[in-house]
Amino acid sequence: MNRHFDFSKNDDWETPEEYLKIITPFLNKENIIYDPFYFNGKIKEKWENLGYECIHKNENFYDIDVPVNDKIIIVSNPPYHDKNKMLKKLFDWDLPFILLMPIQTIAMVKTQRLLKNKNIQIIIPNIYKGFISKDGVETRNPPFYMCYICYNMNLQRDIIYL
């Protein structure tokens, strides 16, 4: 399969549906989920099965322009290897987002500089579930604890424990 995003070995993982279901209370059905990080295309079907419209194309995130639709919210489990470059572009787009990331991301010094003074909120999931390999094999658990880094979501609290 020809993918436009340059994945490193540890970035090739599909997101289990449980990680999507757990954040649906923070979305509404009028939202259009936009996941600009293409792995195998299955995330679109997962969101649609949950009742959400989803835009998910086999494109290079760094080559696309900001989507123009006030209903769009970016929701993704993006590749982690280039997180600061990715966050810079998302902040330039200035669209609300929810990103499933390793929790230590918020403690990394270079990333802190990007997150500082932004309207960031964190959701800490109460699940510890593995991800799915390109061969369809689910790991027993992830190699690190996860969190959702949220931007311009206007949640009730800045840190939410589920």
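Up top you'll find the structure we're talking about.
Here is a short report on the structure shown in this document. (Residues numbered from 1 in each chain as written. Predicted model: local features only at pLDDT ≥ 70, side-chain atom pairs only at ≥ 80, totals over all residues. Heavy atoms only, no water.)

### Here we look at the pairing of strand β5 (residues 120–124)
Most of β5 sits inside the fold, with five of its five residues counted as buried. Along β5, one buried face is formed by I120, I122 and I124 and the opposite face, lined by Q121 and I123, is buried too. (Buried < 20%, exposed > 50% of the residue type's maximum accessible area, 1.4 Å probe, protein only. Helix = DSSP H or I, 4+ residues; strand = E, 2+ residues; numbered from the N terminus.)

### Digging into the sheet that holds strand β4 (residues 97–102)
On the basis of which strands lie adjacent, the open sheet formed by seven strands has the order β2-β1-β3-β4-β6-β5-β7 and mixed pairing. At either margin of the open sheet sits one strand with a lone partner, and together these are β2 (53–55) and β7 (159–161). Between one strand and the next, the sheet's axes are offset by a mean angle of 25°, whatever the strand orientation. Two strands pair when backbone bridges link them, and β4 and strand β6 (residues 146–151) are joined in this way by six bridges, in the antiparallel orientation. Paired with P102 across the two strands is M146, which belongs to β6. (Pairing = 2+ DSSP bridges. Axes fitted to C-alpha atoms, helices over the stretch in contact; angles between N-to-C directions.)

### Some thoughts on the side chain of S76
One can find S76 in strand β3 (residues 72–76). Residue classification places S76 among the buried residues on the basis of a relative accessible area of 6%. Within polar-contact distance, the side chain of S76 engages the side chain of D35 at 2.7 Å. Apart from the residues lying within four places of it in its own chain, the contact partners of S76 are D35, F37, I98, L99 and L100. (Polar contact = N/O pair within 3.5 Å; in protein donor to acceptor, adjacent residues only side chain to side chain. Contact = heavy atoms within 4.5 Å.)

### Details of the environment of P125
Here P125 lies in the loop between β5 and β6. Take P125: its relative accessible area is 11%, and that puts it in the buried class. The spacing of P125 and I23 is 102 residues in sequence and 8.6 Å in space, taken between C-alpha atoms. Once you skip the residues sitting within four places of it in the chain, P125 turns out to touch I22, M146, C147, Y148 and L162.

### Side note on unusual backbone geometry
Phi at N152 takes a positive value of approximately 50°, unusual for a residue other than glycine. Checked against the element boundaries, N152 lands in the loop between β6 and β7. With a relative accessible area of 26%, N152 lands in the partly exposed category. Not every positive phi belongs to a glycine, and N154 is a case in point at roughly 50°. Among the residues examined, N154 registers a relative accessible area of 63% and is labelled exposed.

### Focus: the nonpolar core
One finds W47, F97, I98 and Y148 to be the most contacted residues of the largest nonpolar core, which totals 48 residues. If you tally residues by element for this core, the top one is β6, at six residues. Excluding its chain neighbours within four sequence positions, the residues that come into contact with Y148 are Y19, I22, I23, I98, L99, L100, Q121, I122, I123 and P125. (Core = buried A, V, L, I, M, F, W, Y, C linked by side-chain atoms within 4.5 Å.)

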